[in-house]
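# Breakdown of the fold
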Amino acid sequence: MNSKKIISLALAGMLAFSALTLSSCSSKESGSDGETTNTDTSSALTVTPIPDGVDINYVMDYMNEDLDAYVTLGEYKGLSAEVESYDVTDEYVDTKVKELLESMAETEKVTDRKTAEGDTVNVDYVGTLDGEAFKGGTASGAELKLAADSGYIPGFAEGMYDVMPGESFSYNVTFPEDYKLSTELAGKEVTFTVTVNYILGDKIIPELNDDFVKANFGSEGCNTVDEFMTYYKGYLEKQRDDSVKSSAESKVWEQIMNNATVISLPEKAVDAMYWATRTQYEQSAIGYGMTYEQFLQTYVGGTDEDFRAYCEDYIKEDVVIYQIVKAEGLAVTDDEYAEGVKNFASDYSVTEEELVERYTETRIRSVLQWNKLMDAVYSWSNVTIKTEG
């Protein structure tokens, strides 16, 4: 799938992740290079008011809009692309199986010795100020490295040296005077009550045997190693074929976009995307103790001008998509939508209702429409596949 279309489903997840990973205990403020910075950005940590006349909830009805007023299509059929492929050899399968087993390795939980500097530990902790738990100071099952450069405030990780897993203990730590993420905590002495659950030991790579196969791939109809190897080779071949197809589609789509001529853009749609997303970015930036510009540079890449251009390109792409969809009668049907929701829900391990609530019908239809159009674009194109070797 084109990376520009992935954002519709990925954006909400990325922003949720941003919120969940914030911690008031961390002393680091990431600059564009990811290193600790002492730049005082507190005065700039605000959300820009949405300009009058901008409706961030606006959704353009592409199917019922006169799109010829915005973009003139060029050639989109009979285009050519050359892509590379590869053979899924037995050696390649063996390598990928090894990688799979390593990715499924479990970490040994060490509980029979005291912690030491350099260990990575799993801990529960509660931080209190004047006897009251403070925001961001509580975690369960957190993992951190016991080192002075752990990324937490000075003394936090060091207080967990030389203790036995399973023991609960308390110690005091003082937040830095220039702590930017919370003025209420800056310079204050707090108490942490900690339980080290275990020390993370060596990775234990599972053995490929019939029991492993049944436990992990029984739902795919595999009960023996031989059945799994046959299944997994087929899986890798499909993965290769999907990658080749996606590469060809990207090359052809780039030509289609280059062949299209922009007359103007639906600014209402551009503004809606830009301001809705910018507002979310600014809210996340505040949580990180960063300015909007720093957040863009660090987590998105680029400047506000780059982001605005991205929104314009995205909407232009939508216009071209729906021009072709309408010209070729490729609109997603209700049955196709229902089937797509079912498949997405299965892929993401959520109910269909949860999926629609999280991503909205509009976004889901957009992704399905893109996939349907790309299947058609591929069938219209002259694709040459070159196999390595």
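See the structure printed just above.
Let me begin by describing the structure that accompanies this report. Please read these numbers as outputs of a predicted model, since none were measured by experiment. (Residues numbered from 1 in each chain as written. Predicted model: local features only at pLDDT ≥ 70, side-chain atom pairs only at ≥ 80, totals over all residues. Heavy atoms only, no water.)

## Notes on the packing of aromatic side chains
Geometry of an aromatic ring pair is reported as the spacing of the ring centres plus the angle between the planes. To be explicit about the condition: Any two rings among Phe, Tyr and Trp, with Trp reduced to its six-membered ring, count as a pair given centres within 6.5 Å; such a pair is stacked if its planes are under 30 degrees apart, edge-to-face if over 60, and tilted if neither. Accessible area is worked out with a 1.4 Å probe on protein chains only. A residue is then buried under 20% of its type maximum, exposed over 50%, and partly exposed in between.
Taken as a whole and assessed by the stated rule, the structure comprises 29 aromatic pairs. Considering the side-chain rings of Y86 and Y92, the 5.4 Å spacing of their centres and the 45° angle between planes classify their relative orientation as tilted. Take Y86: its relative accessible area is 22%, and that puts it in the partly exposed class. Taking relative accessible area as the criterion, Y92 reaches 22% and is therefore assigned partly exposed. Joined through ring pairs, the aromatic side chains of Y274, W275, Y281, Y288, F295, Y299, F307, Y310 and Y314 make up one cluster.

## Here we look at the side chain of N122
Cut-off, in case you're wondering: Strands are runs of DSSP state E lasting at least 2 residues, helices are runs of H or I lasting at least 4, and numbering of each runs from the N terminus. Here a polar contact is taken to be a pair of N or O atoms separated by no more than 3.5 Å, where protein atoms must pair a possible hydrogen donor with a possible acceptor and residues adjacent in sequence count only if both atoms sit in side chains. Should any heavy atoms of two residues lie within 4.5 Å, those residues are considered in contact.
Within the secondary structure layout, N122 lies in strand β4 (residues 120-129). The class of N122 is buried, set by a relative accessible area of 7%. Side-chain polar atoms of N122 contact the backbone oxygen of G141, separated by 3.3 Å. Of note is the side chain of N122, whose polar atom sits 2.7 Å from the side chain of N197. If we ignore the near neighbours within four places in the chain, the residues touching N122 are G141, A142, E143, T195, V196, N197, Y198 and L200.

## Re the side chain of T115
Within the secondary structure, T115 is located in the loop between β3 (106-110) and β4. Taking the relative accessible area as the measure of exposure, T115 reaches 4% and is therefore buried. There is a polar contact of 2.6 Å between the side chain of T115 and the backbone oxygen of M160.

## Re the pairing of strand β7 (residues 189-204)
For the record, the criterion: In this analysis, strands are considered paired if DSSP registers two or more bridges between them.
Of the strand pairs in this sheet, β3 and β7 are connected by four bridges, and their pairing is antiparallel. Its bridge partner being in β7, V110 is matched across the sheet by I199. Taken together, the eight bridges between β4 and β7 define a ladder with antiparallel strand orientation. Pairing of Y125 across the sheet is with V194, part of β7. As judged from the seven bridges shared by strand β6 (residues 168-174) and β7, these two strands associate in the antiparallel manner. In the strand pairing of β7, F169 is matched with V194.

## So, the nonpolar core
Heads up, the rule is: Residue types Ala, Val, Leu, Ile, Met, Phe, Trp, Tyr and Cys, when buried and joined through side-chain atoms within 4.5 Å, form a set referred to as a nonpolar core.
Ranked by internal contacts, the top residues of the largest apolar core, which has 44 residues, are Y62, W253, I256, V320, I324 and L373. For this core, the secondary-structure elements that each account for two or more residues are α4 (225-259), α5 (267-288), α6 (292-300), α7 (304-328) and α9 (352-380). Residue contributions to this core peak at ten residues, all from α7. Excluding anything up to four places from it in sequence, V320 contacts V71, L73, W253, I256, M257 and A260.

## Section: a negative patch on the surface
Condition: Each patch groups residues whose relative accessible area exceeds 30% and which form no salt bridge, using 9 Å between like charges and 5 Å between nonpolar side chains of Val, Leu, Ile, Met, Phe, Trp and Tyr. Here, Shrake-Rupley sampling with a 1.4 Å probe gives the accessible areas, and only protein chains in the shown set may cover a residue. Any carboxyl oxygen of Asp or Glu within 4 Å of a side-chain nitrogen of Lys or Arg constitutes a salt bridge here. Two residue types count as positive, namely Lys and Arg, and two as negative, namely Asp and Glu; His and chain ends fall outside the count. Lysine's charge is taken at NZ, arginine's at CZ, aspartate's at CG and glutamate's at CD.
Negative charge collects at one region of the surface, where D210, D211, D226 and E227 lie side by side. Counting only elements with at least two residues in the negative patch, the list comes to α3 (210-217) and α4. By the element assignment, E227 lies in helix α4.

## Re the pattern of salt bridges
For the structure on display, the rule yields 17 salt bridges. When the shortest N-O distance is used, the salt bridge between E328 and K77 registers 3.3 Å. Of the two residues, E328 is situated in helix α7 and K77 in the loop between β1 (71-72) and β2 (80-85); the sequence distance between them amounts to 251 residues. In this structure E328 comes out as partly exposed when scored by relative accessible area, which is 27%. Measuring nitrogen to oxygen at the nearest pair gives 2.8 Å for the salt bridge that ties D271 to R308. With a gap of 37 residues between them, D271 in helix α5 and R308 in helix α7 connect regions that are remote in the sequence. Connected through salt bridges with shared partners, the residues E267, D271, R308 and E312 form a single ionic network.

## Some points on the pairing of strand β5 (residues 132-145)
Of the pairings in the sheet, the one linking β4 to β5 comprises eight bridges and is antiparallel in character. From the neighbouring strand, V123 faces β5, where its bridge partner is A142. Counting the residues that bridge the hairpin from β4 to β5 gives two residues, and of these D130 lies at a positive phi of roughly 55°.

## Observations concerning the environment of S247
One can find S247 in helix α4. Sequence-wise, S247 and V83 are 164 residues apart; in three dimensions their C-alpha atoms are separated by 6.7 Å.

## A few points about unusual backbone geometry
Of note in this structure, D130 is not a glycine but carries a positive phi near 55°. Looking at the secondary structure, you find D130 in the loop between β4 and β5. Here S349, not a glycine, exhibits a phi torsion of approximately 55°, which is positive. With relative accessibility at 67%, the residue S349 sits in the exposed group.

## Regarding α4
The line we're drawing: To estimate how far a helix should reach, multiply one less than its number of residues by 1.5 Å.
Over its 35 residues, α4 runs 51 Å from end to end, which matches the ideal 51 Å to within 8%, given 1.5 Å per residue. Residues of α4 that are buried include every one of F228, Y232, L236, R240, V244, A248, E249, V252, W253, I256 and M257, and no others. Residues of α4 that are buried in the fold lie against β2, α2 (90-103), α3, α7, α9 and β9 (382-387).

In short, shape yes, function no, at least from these values alone.
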